[in-house]
Structure formats: C-alpha cells, structure tokens
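Fold and geometry: a report
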Amino acid sequence: MKPYFNAWVLVLGSLLLTSLAVSFGCGNGRPETCSVTGQVLYRGRAVPGADVIFLCEGNRPASAITDEAGHFELTTFTSADGALPGKYAVIISKTAPRNPAQNGSPYPDVKQLLPRQYTNPRCSGLEVTVSPDGENDFTFELHD
C-alpha cells in the first residue's frame, strides 16, 4: 500500500471518531436521572434507617437509606442523583441483629422490623412512576 493511502485512512478515522463524540455529546455517558425524594412511615411514624429500593425492569435500580425523619433521596449512579424515568416497584426493609453470627458464619441472624410483604417487589403493593416532568416526591405509609 502507498503511504499516502494510510494517512488518509488515519485522517478519515479521526474525523469519524470526532463526529461521533460530538453527536453523542460531551456528558459522562450516563442517561439523565430525575431527582427523587420521599418519606417512609410505619404506623404513622417516621422510619429511620430503612432501605428503600426502586426496581424497574430494563432500568438500573435506585436506592437510599432513610434519615432520622424517614426522608430519603435516591441514588442511581452518584450520591442523591435520583432515578431514571420509568415505572418502579418499590421495596422497603429495615433489619436489626437478632443473634450474633453462629457456627462460624460471618453473617449475624437478623430480624425484619417492618412487615415482610414490603421486602418483595411482587407483594409490596408499592409502585410509582418517576417522571422527568414531575415532582417525584413519594410518601410510603406502611401498615401491618
């Protein structure tokens, strides 16, 4: 092959890569998330230290831990960045150690402090839609 042909291939390849980079934007390469906040209540009281997980088929899950007032801000990629738009099943759990680890297991036996139904996305009954145009502030009132 002639040397000038290789140079043209290199130039055209560089132009193609540059145009692709410009067409996809200069962002971090992740999809845009929506701010999502909320509160978890059980028997009318705030639930501190609860795990809140938003699950969506085909989307990355988002999660948070509630503060002392039961409030949360979801995280998908970076702290408190929210969730991707879509319909989510929500699971909420809070556990406490029941007994220290036994039989050499590194994991302690834990008890669930909220009704078990809320730990299963098929049984929780908690569904929300995260919208890029919405407020996305959800209150979950849990009952026995």
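Rules and cut-offs
- Residues numbered from 1 in each chain as written.
- Predicted model: local features only at pLDDT ≥ 70, side-chain atom pairs only at ≥ 80, totals over all residues.
- Heavy atoms only, no water.
- Helix = DSSP H or I, 4+ residues; strand = E, 2+ residues; numbered from the N terminus.
- Buried < 20%, exposed > 50% of the residue type's maximum accessible area, 1.4 Å probe, protein only.
- Contact = heavy atoms within 4.5 Å.
- Lys, Arg positive; Asp, Glu negative; His and termini not counted.
- Salt bridge = Lys/Arg side-chain N within 4 Å of Asp/Glu carboxyl O.
- Polar contact = N/O pair within 3.5 Å; in protein donor to acceptor, adjacent residues only side chain to side chain.
- pLDDT = per-residue confidence, 0-100.
- Phe/Tyr/Trp six-rings, centres within 6.5 Å; stacked < 30°, edge-to-face > 60°.
- Pairing = 2+ DSSP bridges.
- Axes fitted to C-alpha atoms, helices over the stretch in contact; angles between N-to-C directions.

1. As for the side chain of serine 93
- With respect to the helices, strands and loops of the structure, serine 93 is situated in strand β6 (residues 86–93).
- Looking at serine 93, the relative accessible area reads 19%, which means it is buried.
- Ignoring anything within four residues of it in the chain, the contact list for serine 93 reads Ala50, Asp51, Gln112, Leu114 and Thr119.

2. Some points on the side chain of aspartate 81
- With respect to the element layout, aspartate 81 can be found in the loop between β5 (71–73) and β6.
- Salt bridges are absent for the buried aspartate 81, whose nearest opposite-charge side chain, arginine 30, sits at 5.3 Å.
- There is a polar contact of 3.1 Å between the side chain of aspartate 81 and the backbone nitrogen of threonine 78.
- Setting aside anything within four residues of it in sequence, one finds aspartate 81 in contact with Thr33, Cys34, Ser35, Leu74, Thr75 and Thr76.

3. Points about the pattern of salt bridges
- Applying the stated criterion across every chain, the model contains two salt bridges.
- Here aspartate 144 ties to arginine 43 by a salt bridge, and the two come within 2.8 Å at their closest N and O atoms. One end of the pair, aspartate 144, is in the segment after β10 (137–142); the other, arginine 43, is in the loop between β1 (37–42) and β2 (45–46), and 101 residues separate them in sequence.
- Under the relative-accessibility criterion, aspartate 144 is labelled exposed at 65%.
- Between lysine 87 and glutamate 127 there is a salt bridge whose closest N-O contact spans 3.6 Å. With a gap of 40 residues between them, lysine 87 in strand β6 and glutamate 127 in strand β9 (residues 127–130) connect regions that are remote in the sequence.
- Residue classification places lysine 87 among the exposed positions, given a relative accessible area of 55%.

4. Some points on the confidence of the model for the chain
- Mean pLDDT for the chain: 84, with 77% of residues reaching 70 or above.
- Low confidence marks residues 4–26, where pLDDT is under 50. Its contacts with residues over four positions away, or in another chain, come to one contact.

5. Digging into the packing of aromatic side chains
- Tallying each qualifying case throughout the model produces six aromatic pairs.
- Their ring planes at 80 degrees and their centres at 6.2 Å tell us that phenylalanine 54 and phenylalanine 140 sit as a pair that is edge-to-face. Here phenylalanine 54 is found in strand β3 (residues 51–55), whereas its partner phenylalanine 140 is found in strand β10, with 86 residues between them in sequence. The same class applies to phenylalanine 54 and to phenylalanine 140, which are both buried.

6. Description of the sheet that holds β6
- On the basis of which strands lie adjacent, the open sheet formed by four strands has the order β4-β3-β6-β9 and antiparallel pairing. Edge positions in the open sheet fall to β4 (62–65) and β9, since each of these has one partner strand only. Recorded for the sheet is a direction-independent mean angle of 30 degrees between the axes of neighbouring strands.
- The pairing of β3 with β6 spans five bridges and is classified as antiparallel. Following the sheet pairing, valine 52 is matched in β6 by isoleucine 92.

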